[in-house]
Amino acid sequence: MNAPRPHPDLSLRERLALTGYGQLMRLLLPLLIGRLLWRARQEPLYRAALPERVGLGEPVRPGALWLHAVSLGETRAAEPLIQALRQVCPDLRLLLTHGTATGREAGTALLREGDALRWLPLDTPGATRRFLQRHRPALGVLMETEVWPALLHAARQSGVPVVLANARLSEKSLRQSLRFDALLRPAARAFTAVLAQTADDAARLRRAGAPEAAIEICGNLKYDLQPSPALLATGLSWRAGLARPVVLAASWREGEDEPLLAAWRAALAQRAPSQPRPLLLLVPRHPQRFDEVGASVISSGLTLVRRSSWAGTGPGALAREADVWLGDSMREMPAYYACADVALLGGSFAPLGGQNLIEAAACGCPVLAGPHVFNFAQPVARALAAGAAFQVPDLDQAVQQALSLADDAEAQAAARQAALGSVAADQGAAARMAARLAALLDPKPAELSGSCRAGR
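Please read all numbers here as calculations on a predicted model, not as lab measurements. (Residues numbered from 1 in each chain as written. Predicted model: local features only at pLDDT ≥ 70, side-chain atom pairs only at ≥ 80, totals over all residues. Heavy atoms only, no water.)

1. What about the overall build of the protein chain?
What the protein chain contains, in helices and strands, is 18 helices and 15 strands. Its C-alpha radius of gyration of 23 Å places the protein chain within 12% of the 23 Å reference for a compact globule of 456 residues. Here the C-alpha coordinates of the protein chain stretch approximately 75 × 45 × 45 Å along the principal axes. The proportion of buried residues among the 456 residues of the protein chain is 55%. Summed over all atoms, the accessible surface of the protein chain reaches about 19200 Å², with 55% contributed by carbon and sulfur. (Helix = DSSP H or I, 4+ residues; strand = E, 2+ residues; numbered from the N terminus. Rg over C-alpha atoms; globule rule 2.2 N^0.38 Å. Buried < 20%, exposed > 50% of the residue type's maximum accessible area, 1.4 Å probe, protein only. Areas by Shrake-Rupley, 256 points an atom, 1.4 Å probe, with all protein chains shown as cover.)

Structure (structure tokens):
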């Protein structure tokens, strides 16, 4: 494979960085494929369609809108955007790409006749070039934080405009990107448009190299996500059979298990005999951790029942008496939020940056966040200001405050109303982004609703 011809606006330093990156990625290719096969031991979908990982596979008809959502969270965020795009572009054909098994599985539900689903190729010069030559999309849309140097360089050489949608960049990620500015700054410059979530994101993206004229502030697509009424009803049906407080550990991450279980045991020991015994509903972020987390619960001396054990029949008598429910299912978070009195925000009690709490708010579930929320600072700040969330320094205090809130029906109802109101106030990003993307697909689109603000 020949190295891609550098774009003329690259400096010598940037050309050398891109060339070196491409050579490194070629050398790493066997290891990257091996890692996918290793992950396939627990998630077999990683073994599917492996030629697509190097830019091969069945080509699609040229002219599709190519949208990349790396994993489950980005795929769910893309759903309202795709719906809004179909309203303003009824003939839209979608090429949907993913990087993870959970994303690809969820993406299947977003397809219509004429659409296609593929893996995003690994970021080597040859794979990315083949991908674009094979599918020839009219426009590319990368969700949130997906900045791939070889892919964006190949798109620029191929004349494919690419947009970064629902774009966000934390201060920590900005510092990391500036360490590799010779590689990542030209990638950021390659975007035709950058549709940022907030003014702070826009400012950081500008510092990372995104063109001033390309940056617009459109809001956060996740506020437009509507929880499934069926799943909300399912969660409420689980809750109806329980006469005890329910605390949800939502999207729980590595490094948080042992502190949570220790804090939970301590809280149980402090409960008065007259108080109902609370239930911990523990939902790991990654499915490959289900067994590991279940084993940790059992070894801690707490009784465990897995969500998968009751299928569609609802929790039985054994589950109603257990200390912990393990949420070992996928795409049921609205049910878990509807069942809970309050949620602890996973990823925020270890230095992992937190998780998205917008879905919890949309389900009317109050949230307690730990100190580490840098990946979602703006949504957390808005939820705190609205009274929909509360921030605590550690898990011991979080568990105690969660139980206090679960025991206080009046305070809980106020927090639920604040959560629902905070989501409604920030909706509309999908329509604004769809208008901008439609304008790139068609210079004279039909009348569209909403517009983004210039990122200045």
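Next, the rest of the story.
2. Some thoughts on the packing of helix α6 (residues 171-179) against helix α7 (residues 181-189)
Relative orientation and spacing of two packed helices are given, respectively, by the angle between their axes and the distance between those axes. Two elements in contact, α6 and α7, have axes whose closest approach is 6 Å; the angle formed by their N-to-C orientations is 110°. Between α6 and α7, the interaxial angle falls into the category roughly perpendicular. Residue-level inspection shows Ser177, Leu178 and Arg179 of α6 in contact with α7, the latter providing Asp181, Leu184 and Arg185. Looking at the contact of α6 with α7, its residues break down into two nonpolar, one polar and three charged. (Axes fitted to C-alpha atoms, helices over the stretch in contact; angles between N-to-C directions. Parallel < 35°, antiparallel > 145°, perpendicular 65-115°, else oblique. Contact = heavy atoms within 4.5 Å. Nonpolar A, V, L, I, M, F, W, Y, C, P; charged D, E, K, R; others polar.)

3. With respect to helix α15 (residues 377-386)
Helical periodicity: at 3.6 residues per turn, an α-helix aligns residues three or four positions apart in one direction. Considered for burial, the residues of α15 that qualify are Pro379, Val380 and Ala383. Across the axial projection of α15, the buried residues extend over an arc of 100°, all falling on one side. Contacts made by the buried residues of α15 are with α14 (358-362) and β14 (389-391). Looking at the residues trailing α15, positive phi occurs at Gly387, about 85°. (Arc of directions from axis to C-beta.)

4. Topic: the nonpolar core
One finds Leu248, Leu281, Trp325 and Tyr337 to be the most contacted residues of the largest nonpolar core, which totals 41 residues. With five residues, the single largest contributor to this core is helix α13 (residues 333-339). Those residues in contact with Leu248, other than ones at most four positions away along the chain, are Leu281, Val283, Met333, Tyr336, Tyr337, Ala340, Val342, Ala343 and Leu344. (Core = buried A, V, L, I, M, F, W, Y, C linked by side-chain atoms within 4.5 Å.)

5. Description of the pairing of strand β1 (residues 65-68)
Here β1 shows no split at all, with Leu65 and Leu67 on one side and Trp66 and His68 on the other all buried. In terms of strand pairing, β1 meets strand β2 (residues 94-98) through four bridges, oriented parallel. Paired with Leu67 across the strands is Leu96, a residue of β2. With respect to chirality, the unit in which β1 leads through helix α2 (residues 72-88) into the neighbouring parallel β2 is right-handed. Where β1 lies against strand β4 (residues 139-143), four bridges are found, and the strand directions are parallel. Residue pairing across strands places Leu67 opposite Val141, the latter belonging to β4. (Pairing = 2+ DSSP bridges. Right-handed = clockwise from strand over helix to strand, strands pointing away.)

6. Description of the sheet that holds strand β11 (residues 324-326)
Strand order in the open sheet formed by seven strands is β10-β11-β9-β8-β12-β13-β14, with parallel pairing between adjacent strands. Both outer strands of the open sheet, β10 (304-306) and β14, are each paired with one neighbouring strand and no more. Strand after strand, the sheet turns through a mean of 25° between neighbouring axes, direction not considered. Its contacts with the sheet put helix α11 (residues 290-299) on β9 (279-284), β10 and β11, and the angle it makes with β10 is roughly 160°.

7. Observations concerning the state of the cysteines
In a disulfide, the sulfur atoms of two cysteines are covalently bonded to one another. With the rule as written, the count across this model stands at zero disulfides. Cysteine Cys365 remains unbridged, with the sulfur of Cys363 as its closest cysteine sulfur at 7.7 Å. Look at Cys365 and you get buried, because its relative accessible area is 1%. (Disulfide = S-S within 2.5 Å.)

8. Describing the confidence of the model for the protein chain
With 95% of its residues at a pLDDT of at least 70, the protein chain reaches an overall mean of 93. Contacts of residues 1-6 to residues separated by more than four positions or lying in other chains number 17 contacts, the stretch itself having pLDDT below 50. (pLDDT = per-residue confidence, 0-100.)

9. Structural notes on the side chain of His98
Among the secondary structure elements, His98 is positioned in strand β2. In this structure His98 comes out as buried when scored by relative accessible area, which is 0%. A polar contact is formed between the side chain of His98 and the backbone oxygen of Gly103, at a distance of 3.4 Å. Leaving out residues up to four positions away in the same chain, His98 has contacts with His68, Ala69, Val70, Thr75, Gly103, Arg104, Gly107, Leu117, Arg118, Trp119 and Leu120. (Polar contact = N/O pair within 3.5 Å; in protein donor to acceptor, adjacent residues only side chain to side chain.)

10. Here's the deal with the environment of Val194
Mapping Val194 onto the fold places it in strand β6 (residues 193-196). Since its relative accessible area comes to 1%, Val194 is described here as buried. Considering only alpha carbons, one finds Val194 and Ile217, 23 residues apart in sequence, at a separation of 8.3 Å. Apart from the residues within four sequence positions on either side, Val194 is in contact with Leu164, Ala167, Leu205, Ala210, Ala214, Ile215 and Glu216.

11. Notes on the packing of aromatic side chains
Scanning all chains against the criterion turns up six aromatic pairs. Geometrically, the ring pair formed by Tyr46 and Trp119 is stacked, given 6.1 Å between the ring centres and 10° between the ring planes. Of this pair, Tyr46 sits in the loop between α1 (12-39) and β1 while Trp119 sits in strand β3 (residues 116-119), and the two are 73 residues apart along the sequence. One exposure class covers both Tyr46 and Trp119, and it is buried. For the ring pair Trp66 and Phe131, a centre distance of 5.2 Å and an interplane angle of 65° mean the geometry is edge-to-face. (Phe/Tyr/Trp six-rings, centres within 6.5 Å; stacked < 30°, edge-to-face > 60°.)

12. Concerning the pattern of salt bridges
Evaluated as defined, the whole model comprises 26 salt bridges. Note that Glu105 is salt-bridged to Arg331, the shortest N-O span being 3.9 Å. Taken together, the residues Glu105 in helix α3 (residues 101-107) and Arg331 in the loop between β11 and α13 connect sequence positions 226 residues apart. Among the ionic pairs, Arg239 bridges to Asp341, the shortest N-O distance being 3.1 Å. Of this pair, Arg239 sits in helix α9 (residues 229-240) while Asp341 sits in the loop between α13 and β12 (342-345); the two residues are 102 residues apart in sequence, bridging distant segments of the chain. A relative accessible area of 6% places Asp341 in the buried class. Three or more residues are tied together by salt bridges with common partners; here these are Arg253, Glu254, Asp257, Arg289 and Glu292. (Salt bridge = Lys/Arg side-chain N within 4 Å of Asp/Glu carboxyl O.)

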